[in-house]
Amino acid sequence: MKVIGLTGGIGSGKSTVAQYLAKLGAVIIDADKIGHEILKSDAEVRRKVVAAFGRQILDPGGEIDRQKLGEIVFNHPESLSLLNQLMHPLMYDIAKTRIEEYRQQGVGVVVLEAALLVEIGWTSLVDELWVTVASEANALKRLQKQRGLTEEQTLARLRSQLSSEERIKHANAIINNDGDLDEMKTRVRELWLRLQSQGGRNSSPD
Ligand code: ATP
């Protein structure tokens, strides 16, 4: 089995590339979703997160409101780092377990999609690292359209992350996503075929 780490700046197209890889036959593990699951279901982590950031991050139903939490952490680097310290070890364990389960099931290609894959040292979980890159202008434009965030909110998120230059130092493949969706798909198909020729074999739909 091949494990591909898929990372890139926010709005650079990771999820769009992952969706396309799923169509080609890869199994996707989305680190963001693992984080959401933990915040929803792990009472111990929830308690620690609320203790760290206050009841202001709760919605009227007492659930953690990720929008409110995001507002705090993306504007205060030390808060982001505290949240990451609480979440990342558990997220790592879950990602690792899932990878092993897929290996047991005989899956050919797993894609681990994680915005902070390089920053938090998850490269040890993957065989290859693919990095999506889009200009700040494109990422801003696309995210504002998709999520309804303001330019200020989007920039705070963009700038809380590693620069693309830093990330691509670790890359086995770069997916330049400044073009249209067809260009992105052509590049991803090319990488997928390269992988198949190296022996990662999930069935691809016709
Ligand atoms: P995040 O880290 O915030 O989850 P991401 O890197 O996963 O972001 P996507 O959600 O895949 O980024 O893409 C951001 C937005 O840009 C989406 O609305 C997506 O449909 C759009 N998008 C992605 N690639 C392209 C493209 N090549 N052309 C036009 N729009 C695109």
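All figures in this text were calculated on a predicted structure; none of them were measured in a lab.

Draft legend 1. The arrangement of the sheet that holds strand β1 (residues 2–8) in detail. Strand order in the open sheet formed by five strands is β2-β3-β1-β4-β5, with parallel pairing between adjacent strands. Bordering the open sheet on either side are β2 (27–30) and β5 (173–176), each of which pairs with just one other strand. Each adjacent strand pair in this sheet contributes to an overall mean axis angle of 25°, direction not counted. When strand β4 (residues 128–133) meets β5, the two strands line up parallel, connected through four bridges. Note that in β5 the partner of valine 133 across the bridge is asparagine 176. Here helix α5 (residues 77–104) sits on the sheet and contacts β1, β2 and β3 (109–113); the angle it forms with β2, its principal contact strand, is near 170°. Helix α9 (residues 181–197) rests against β1, β3, β4 and β5 of the sheet, and its axis sits at about 160° to β5.

Draft legend 2. Spatial organisation of the pattern of salt bridges. Enumeration according to the criterion identifies eleven salt bridges in this entry. Where glutamate 37 meets arginine 98, a salt bridge forms, and the shortest distance between an N and an O atom there is 2.9 Å. A residue pair is termed long-range when its members are at least 10 positions apart, and glutamate 37 in helix α2 (residues 31–41) and arginine 98 in helix α5 qualify at 61 residues. On the basis of relative accessible area, glutamate 37 is assigned to the partly exposed category, the value being 35%. Across the pair arginine 46 and glutamate 63 runs a salt bridge, and its minimum N-O distance is 3.2 Å. Taken together, the positions of arginine 46 in helix α3 (residues 43–53) and glutamate 63 in the loop between α3 and α4 (66–73) put the pair 17 residues apart, joining distant regions of the chain. Look at arginine 46 and you get partly exposed, because its relative accessible area is 22%. Each of Glu44, Arg47 and Lys48 takes part in one network of salt bridges that share partners.

Draft legend 3. Focus on the side chain of histidine 88. Along the chain, the position of histidine 88 falls in helix α5. By relative accessible area, histidine 88 is classed as buried at 12%. Apart from the residues within four sequence positions on either side, histidine 88 is in contact with Leu116, Ile120 and Trp122.

Draft legend 4. Structural view of the site of the ligand. In the vicinity of the ligand, 15 residues are found, and the nearest of them are Lys14, Ser15, Thr16, Arg147 and Asn177. Residue glycine 11 places a main-chain N or O atom 3.0 Å away from an oxygen atom belonging to the ligand. Arginine 142 places a side-chain nitrogen or oxygen 3.4 Å from a nitrogen atom of the ligand. Here the ligand loses 79% of its free accessible area of 630 Å² to cover by the protein chains. Cavity membership is defined here by more than half of the atoms lying within 2 Å of grid points; on that basis the ligand lies in the largest pocket. Of all the elements in the fold, those that place two or more residues in the shell around the ligand are α1 (14–24) and α6 (136–147).

Draft legend 5. Molecular detail of the packing of aromatic side chains. Counting across every chain of the model gives one aromatic pair. Each ring, one from tyrosine 92 and one from tryptophan 122, has its centre 6.0 Å from the other, and the planes form 70°; the classification is edge-to-face. With tyrosine 92 in helix α5 and tryptophan 122 in the loop between β3 and β4, this residue pair connects regions lying 30 residues apart in the sequence. Looking at tyrosine 92, the relative accessible area reads 23%, which means it is partly exposed.

Draft legend 6. Expanded view of α5. Its 28 residues place the ends of α5 39 Å apart at the C-alpha level, agreeing with the 40 Å of an ideal helix rising 1.5 Å per residue. The largest bend in α5 amounts to roughly 35° and is located at methionine 87, with the proline proline 89 lying one to four residues further along. Those residues of α5 that are buried are in contact with β1, β2, α2, α3, α4 and β3.

Rules used throughout
All residue numbers refer to position in the chain's written sequence, counted from 1. For this predicted model, a pLDDT threshold of at least 70 governs which residues receive local features, and a threshold of 80 or more governs which side-chain atom pairs are given and counted, while totals over whole chains, interfaces and linings are taken from all residues. To obtain the side-chain values, all non-hydrogen atoms of the structure were included, while hydrogens and water were left out. Two strands qualify as a pair provided DSSP detects at least 2 bridges between them. Each helix is a run of DSSP H or I of at least 4 residues and each strand a run of E of at least 2, with the numbering of both proceeding from the N terminus. Lines fitted to C-alpha atoms define the axes here, with helix axes fitted over just the stretch in contact, and angles between the N-to-C directions of these axes take values from 0 to 180 degrees. The contact criterion used throughout is that any non-hydrogen atoms of two residues lie within 4.5 Å. Should a side-chain nitrogen of Lys or Arg be within 4 Å of a carboxyl oxygen of Asp or Glu, the pair is scored as a salt bridge. Type-normalised accessible area, obtained with a 1.4 Å probe on protein chains alone, sets the label of each residue: buried when under 20%, exposed when over 50%, and partly exposed for intermediate values. Here a residue counts as near a molecule or strand whenever at least one of its heavy atoms sits within 4 Å of it. Here a polar contact is recorded for every N or O atom pair within 3.5 Å, except that within protein the pair must consist of a potential hydrogen donor and a potential acceptor, and residues adjacent in sequence are included only if both atoms are side-chain atoms. The Shrake-Rupley method, run with a 1.4 Å probe sphere, supplies the accessible areas, and residue values consider only the shown protein chains as cover. Any residue with an atom within 4 Å of a point lines the site, the site being either a cavity, points on a 1 Å grid over the protein atoms alone where a 1.4 Å probe fits but cannot get out, or a pocket, an open set with protein on both sides within 12 Å along at least 5 of 7 lines. By definition, a pocket or cavity contains a molecule when more than half of the molecule's atoms lie within 2 Å of the pocket's grid points. Aromatic rings from Phe, Tyr and Trp, taking only the six-membered ring of Trp, are treated as a pair when their centres fall within 6.5 Å; an angle between ring planes under 30 degrees marks them as stacked, one over 60 as edge-to-face, and anything in between as tilted. In this analysis, the expected span of each helix is defined as 1.5 Å times one less than the number of residues it contains. For a residue, the bend is simply the angle between two axes, fitted respectively to the seven-residue segment ending there and the seven-residue segment starting there.

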